[in-house]
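Architecture and fold: a report
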Amino acid sequence: SFTDPSVSMDLLRAVLQPSINEEIRGIFNKYMKFFQTAAINVRDNVGEEVDPEQLIQETCRNCLEQAKLLFSDGKKVVPRLPHEQAVPKRARQMDEELSRRGSPIPKKRKGRPPGQSLSNDRGASGMAAWKLKISEPVKRDGPKWDPSRLTETTTFVLGSRANKALGMGGTRGRLYIKHPHLFKYAADPQDKHWLTEQQHMRAIGGKMAYLLIEEDIRDLAASDDYRDSVDLRLEELKPFIPPAWMTEKMQKHMETLRRGGDVPPLDDPPE
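Here goes a summary of the coordinates provided. Note that the coordinates shown come from a computational prediction; the quantities given were computed from them, not determined experimentally.

Structural notes on the overall build of the chain
- Scanning the chain from N- to C-terminus turns up 11 helices and 3 strands.
- Across the chain, helices and strands are ordered from the amino to the carboxyl terminus as α-α-α-α-α-α-β-α-α-β-α-β-α-α.
- Taken over 271 residues, the chain has a buried fraction of 27%.
- Considering only contacts in the chain between residues 6 or more positions apart, those separated by 24 or more positions represent 72%.
- As displayed, the chain has an accessible area near 18,000 Å², and 53% of this comes from carbon and sulfur atoms.

Below, the structure written as structure tokens:
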């Protein structure tokens, strides 16, 4: 009895929406393992400020936004994300071809398409850097990964202070992206209690706190990448010697990583 076509169609949509939602959920469940693996890798590589669940939710929403393009009438175009706007035409054609084939994982592209700049590669959210660290295995061998180097006199620094000392204070977690080979130890609640009591850090609730070896950071500061930087602030390091029980935990952690073992999940959520 409705004469407005839009109203009639929307009533039909409302009736079918629960079934549509259920099928959409099933589609996302099919690809969820890829999102989860990528989000966990991002958290492991970036460290602080990364919430895997939030990354997955945002990715799913972006998938739905881009799916609207399938029903575009040519007039109302759904805006692409900033890093997608920079993708060359040839790359988009390859993505579309893979989508038609039904492949859930794009094949790796060899080389750099002509005219593509490094800034375009990075994109607005820095996803290219994350993908690089995800795909490259981190080498954990050599003298720096020998647990015996951690002794009762070894000095450590907080990851947040190391970021500031190397001139990366404005982007927390950037140090771990740029140097994934560094040994870092995520303090557990017992460790954070000691650090807070000794006034090495303020109480941060459930946020992560990473400890790094002072020698490693000073070696970085003396390298070609940093030694001439005007942003070096080594006085920000504030090194300290942890108690023997904490050093022992870090030794076991280093040995686990060196052997290629997985790091046990933390009870505290990431910052």
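Let's talk about helix α9 (residues 189-197)
- Among the residues of α9, those classed as buried are D191, K192, W194 and L195. Seen end-on, α9 carries its buried residues on one side only, within an arc spanning 160°.
- Of the surrounding elements, those touching the buried residues of α9 are β1 (156-158), β2 (184-186), β3 (210-213) and α11 (244-258).
- Where α9 begins, one side-chain oxygen reaches toward the backbone nitrogen of Q190, 3.1 Å away; that side chain belongs to D188.
- One or two residues past the end of α9 sits Q199, with phi positive at roughly 60°.

Thresholds, definitions, all that
Residues numbered from 1 in each chain as written. Predicted model: local features only at pLDDT ≥ 70, side-chain atom pairs only at ≥ 80, totals over all residues. Heavy atoms only, no water. Helix = DSSP H or I, 4+ residues; strand = E, 2+ residues; numbered from the N terminus. Buried < 20%, exposed > 50% of the residue type's maximum accessible area, 1.4 Å probe, protein only. Contact = heavy atoms within 4.5 Å. Areas by Shrake-Rupley, 256 points an atom, 1.4 Å probe, with all protein chains shown as cover. Arc of directions from axis to C-beta. Polar contact = N/O pair within 3.5 Å; in protein donor to acceptor, adjacent residues only side chain to side chain.

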